[in-house]
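Structural overview
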Amino acid sequence: TYSVRYDAMPPDGIVAALACVAFLLNVRRARRLLRTLEAAPPARVALALMALTLCYRGWVTVSAAGRSFHGFLVRGVPFSDGHDWDRLAREFASGEHVGDWGALRPLSYVFMGSVFALTGPALAVTRAVHLAMAVVGAGLVFDLLRRLASMRVAFFVTIFYALSPFDARFALTTVTEPLGGF
């Protein structure tokens, strides 16, 4: 059999622009979707958005499994904050002396150190915790915005949060920002 395969993926900006154009070309369907969205129970919409977040961010996590501390943001830099935060969490979990960095953002290494004390220190555990926080965060963003603004605003802001490639890739590291974003 003959097949054509294209391994390259267009940049995220182009994919987002194409999605917007496709959305604008289907305005009637979009209106129907928005009417359905307004009538839907908020809990179901929140669960659907959380599932979307889990699928997308899970895909990013699995597709970038080979990247670790020097992942997407600090490649080529001779040091890594993620490595130091991971070291602090491991020290906290084992009861060793926590380094000098400990006073900067104690919640991060205390939280991950507590998780490490239960599961054992591993990069996969950190990524799973960050993925879980992103999924719960999507539900919280939607619920908060639904109460402050319309259901449409909450839906689209949560879609933006759920499909943000920067947040999804940043959560692969062990730095403190994913916990702060939660």
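Position numbers for residues count from 1 along each chain, tracking the sequence in the order it is written. The model is predicted, so local features are restricted to residues of pLDDT at least 70 and side-chain atom pairs to those at 80 or more, both for listing and for counting; the totals for chains, interfaces and linings are taken over all residues. Calculated side-chain values reflect all of the structure's heavy atoms, with hydrogen atoms and water omitted.

**Re the packing of helix H3 (residues 42-63) against helix H6 (residues 123-148)**
The description of two packed helices rests on the angle between their axes and on the distance between the axes. As a reminder of what qualifies: Working convention: axes come from line fits to C-alpha atoms, limited for helices to the stretch in contact. Angles between N-to-C directions cover 0 to 180 degrees. Secondary structure elements are defined from DSSP: runs of H or I of at least 4 residues count as helices, runs of E of at least 2 residues count as strands, and each element is numbered from the N terminus. Here the angle decides the label: under 35 degrees means roughly parallel, over 145 means roughly antiparallel, 65 to 115 means roughly perpendicular, and every other value means oblique. It is the rotation of the near helix from the far one that decides the hand of a crossing: anticlockwise by less than a right angle makes it left-handed, clockwise makes it right-handed. By the convention used here, residues are in contact when the closest approach between their heavy atoms is within 4.5 Å. When residues are grouped by polarity, Ala, Val, Leu, Ile, Met, Phe, Trp, Tyr, Cys and Pro land in nonpolar, Asp, Glu, Lys and Arg in charged, and all others, Gly among them, in polar.
One can describe the packing of H3 onto H6 by two numbers: an axis separation of 9 Å at closest approach and a directional angle of 150 degrees. The angle between the axes of H3 and H6 places the two elements in the roughly antiparallel class. When the axes of H3 and H6 are compared, the crossing they make is right-handed. Between H3, through Pro42, Val45, Ala46, Leu49, Met50, Thr53, Leu54, Arg57, Gly58 and Thr61, and H6, the contact on the second element is made entirely by Arg127, Leu131, Ala134, Val135, Val136, Ala138, Gly139, Phe142 and Arg146. Taken together, the residues of the contact of H3 with H6 break down into 12 nonpolar, four polar and three charged.

**Notes on the nonpolar core**
Put simply, the test is: By nonpolar core is meant a set of buried Ala, Val, Leu, Ile, Met, Phe, Trp, Tyr and Cys residues that side-chain atoms within 4.5 Å join together. We call a residue buried when its accessible area falls under 20% of the maximum for its residue type, exposed when it is over 50%, and partly exposed in between, using a 1.4 Å probe and counting protein chains only.
Leu34, Leu37, Val45, Ala46, Leu49, Phe142, Leu145, Met151, Ala154 and Phe155 together form the largest nonpolar core, which totals 10 residues. Listed by contribution, the elements that provide at least two residues to this core are helix H2 (27-39), H3, H6 and helix H7 (151-162). Excluding its chain neighbours within four sequence positions, the residues that come into contact with Leu34 are Arg152 and Phe156. Within the second largest apolar cluster, nine residues are counted, among which are Tyr109, Met112, Val125 and Met133.

**Examining the packing of H3 against H7**
Contact geometry of H3 with H7 gives a least axis separation of 9 Å together with a crossing angle of 15 degrees. Between H3 and H7, the angle falls in the class roughly parallel. As H3 packs across H7, the resulting crossing turns out to be right-handed. Within the contact between the two elements, H3 uses Pro42, Val45, Leu49, Leu52, Thr53, Tyr56 and Arg57 and H7 uses Met151, Phe155, Thr158, Ile159, Tyr161 and Ala162. Taken together, the residues of the contact of H3 with H7 sort by class into 10 nonpolar, two polar and one charged.

**Brief notes about the side chain of Thr158**
Here Thr158 shows up in helix H7. Excluding residues that lie within four positions of it along the chain, Thr158 makes contacts with Leu49, Ala138, Val141 and Phe142.

**Describing a nonpolar patch on the surface**
Rules: Residues qualify for a patch when their relative accessible area is over 30% and they have no salt bridge, like charges being joined within 9 Å and the nonpolar side chains of Val, Leu, Ile, Met, Phe, Trp and Tyr within 5 Å. The protein chains shown are the only cover counted for residues, whose accessible areas, like all others here, come from Shrake-Rupley with a 1.4 Å probe. Salt bridges are identified by distance alone: a Lys or Arg side-chain nitrogen within 4 Å of an Asp or Glu carboxyl oxygen.
Together, Phe23, Leu24, Val27, Leu33 and Phe156 make up a nonpolar patch on the protein surface, roughly 440 Å² of accessible area in all. Put simply, the parts of the chain that give the nonpolar patch at least two residues each are helix H1 (12-25) and H2. Note that Leu24 resides in helix H1.

**Observations concerning the packing of aromatic side chains**
Put simply, the rule is: Pairs were defined over the aromatic rings of Phe, Tyr and Trp, the Trp ring being its six-membered one, requiring ring centres within 6.5 Å. Orientation was assigned from the angle between planes: stacked under 30 degrees, edge-to-face over 60, tilted for the rest.
A full pass over the atoms with the stated rule returns two aromatic pairs. Both rings, one in Tyr56 and one in Trp59, keep their centres 6.2 Å apart while their planes meet at 35 degrees; by these two values the pair is tilted. Pair noted here: Tyr56 and Trp59 are both in helix H3, with a separation of three residues, about one helical turn. Trp59 sits in the exposed class, given a relative accessible area of 52%.

**So, the pattern of salt bridges**
Tallying each qualifying case throughout the model produces three salt bridges. For Asp143, the salt bridge goes to Arg146, with nearest N and O atoms at 2.8 Å. Of the two residues, Asp143 and Arg146 are both situated in helix H6; the distance of three residues between them amounts to about one turn of the helix. Take Arg146: its relative accessible area is 24%, and that puts it in the partly exposed class. A salt bridge links Asp143 to Arg147; the shortest N-O distance between them is 3.1 Å.

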